[in-house]
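# Examining the three-dimensional arrangement
If you want the building blocks of each chain, they are given just below.
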Amino acid sequence: MSTPEQTPPPSHTPDRARVFVVSGPTAVGKGTVCARLRERHPEVFVSVSVTTRDPRPGEVDGVHYHFVSDEQFDELIDNDGLLEWALVHRRARYGTPRQPVEDAVARGQVVILEIDLQGARQVRHSYPQARHIFLAPPNWDELVRRLVGRGTETAEQQAERLETAKRELEAIKEFDEVVTNGEIEETVDRLVELTGL
Ligand code: 5GP
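An account of the accompanying structure is given in this report. Fair warning: this is a prediction, and the values are worked out from it, not measured in the lab.

For the rest of this paragraph, the subject is the site of the ligand. Taken together, the neighbourhood of the ligand is formed by 18 residues, with Ser49, Arg53, Tyr65, Glu84 and Tyr94 sitting nearest. Ser49 places a side-chain nitrogen or oxygen 2.6 Å from an oxygen atom of the ligand. Between the ligand and the protein, one listed contact pairs an oxygen atom with a side-chain N or O atom of Tyr65 at 2.5 Å. Taken together, the residues that form the shell around the ligand break down as 5 nonpolar, 5 polar and 8 charged.

As a further point, take unusual backbone geometry. The backbone phi angle of Asp80 is positive, close to 60°, even though this residue is not glycine. Relative to the elements of secondary structure, Asp80 occurs in the loop between helix 2 (70-78) and strand 5 (82-88).

Applying the stated rule across the entire model yields 22 salt bridges. Linking Glu174 and Arg121 is a salt bridge whose minimum nitrogen-to-oxygen distance equals 2.6 Å. Placement of the pair is Glu174 in the loop between helix 6 (155-170) and strand 9 (177-180) and Arg121 in helix 4 (residues 117-126), with a sequence separation of 53 residues. We classify Glu174 as partly exposed; its relative accessible area is 30%. Here Glu193 ties to Arg190 by a salt bridge, and the two come within 2.5 Å at their closest N and O atoms. With Glu193 and Arg190 both in helix 7 (residues 184-195) and 3 residues apart, this pair spans about one turn of that helix.

Applying the stated rule across the entire model yields 4 aromatic pairs. Ring centres of Phe134 and Phe175 lie 5.0 Å apart, and the angle between their planes is 70°; this geometry places the pair in the edge-to-face category. Here Phe175 lies in the loop between helix 6 and strand 9 and Phe134 lies in strand 8 (residues 131-136), a separation of 41 residues in the sequence. Each member of the pair, Phe134 together with Phe175, is buried. An aromatic cluster is defined as three or more aromatic residues linked by ring pairs; in this entry it consists of Tyr65, Phe67 and Tyr94.

Across the sheet, which stays open at both edges, the 5 strands sit in the order 2-7-1-8-9 with parallel pairing between neighbours. Each edge of the sheet is formed by a strand with only one pairing partner; in this case those strands are strand 2 (45-46) and strand 9.

Judged by pairing direction, the sheet is mixed, and its 4 strands sit side by side in the order 4-3-6-5 without closing on themselves. What marks the edges here is a single partner per strand, and that holds for strand 4 (66-67) and strand 5. Sheet analysis places strand 3 (residues 50-51) next to strand 4, joined by 2 bridges and oriented parallel. Opposite Val50, over in strand 4, you have His66 as the bridge partner.

This paragraph deals with the pairing of strand 1 (residues 18-23). The element strand 1 is extensively covered by neighbouring structure, given that 5 of its 6 residues are classed as buried. Note that strand 1 and strand 8 share 4 bridges and pair parallel. Residue pairing across strands places Phe20 opposite Arg131, the latter belonging to strand 8.

The rules behind these values
Residues numbered from 1 in each chain as written. Predicted model: local features only at pLDDT ≥ 70, side-chain atom pairs only at ≥ 80, totals over all residues. Heavy atoms only, no water. Near = heavy atom within 4 Å. Polar contact = N/O pair within 3.5 Å; in protein donor to acceptor, adjacent residues only side chain to side chain. Nonpolar A, V, L, I, M, F, W, Y, C, P; charged D, E, K, R; others polar. Helix = DSSP H or I, 4+ residues; strand = E, 2+ residues; numbered from the N terminus. Salt bridge = Lys/Arg side-chain N within 4 Å of Asp/Glu carboxyl O. Buried < 20%, exposed > 50% of the residue type's maximum accessible area, 1.4 Å probe, protein only. Phe/Tyr/Trp six-rings, centres within 6.5 Å; stacked < 30°, edge-to-face > 60°. Pairing = 2+ DSSP bridges.

Structure (structure tokens):
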């Protein structure tokens, strides 16, 4: 007969909840890496952010982002519906809906927040127990190549994003872990290790 002390906790209990921030410069591959992580571990909860930017071709509302108007975003802020939010690249606002994250934490899921540096700093205050992972490019030239290669921004937007990227790379020391995103499966392997999935 097993006593409560001898019974190992099921893997999904609230006390095992872990929140991980995954941040890093533009075009480093955060979205691709998180999508691959979810494919390999469907039990992970990857937060879907709200944003005021327009969808890119192929992006699906509710899957990649919840695309909202400025008024809807204001309403979310006013109702304390966002865990964190930021104006990114001086162009659009992005935020993490609070309730779905709190529900996932209550279910004991591993939670991933793929957010920018400003958001990561806010989470440090709202969730001090969160671990912060910085996804780094192999080098600067590769980052530029990835950004230009995906072809989803104008030259002006690319310049703006690279400016932000410089600032973000300088903040690398604020993070608990740095993972270099060279080969995607290796990056995901490392995230699996770090999150305990
Ligand atoms: P993109 O427009 O390329 O999808 O994202 C631009 C930036 O916004 C990325 O650095 C991404 O991590 C960040 N971002 C996406 N969702 C959120 C969010 O909910 N909060 C914050 N603070 N940043 C976000």
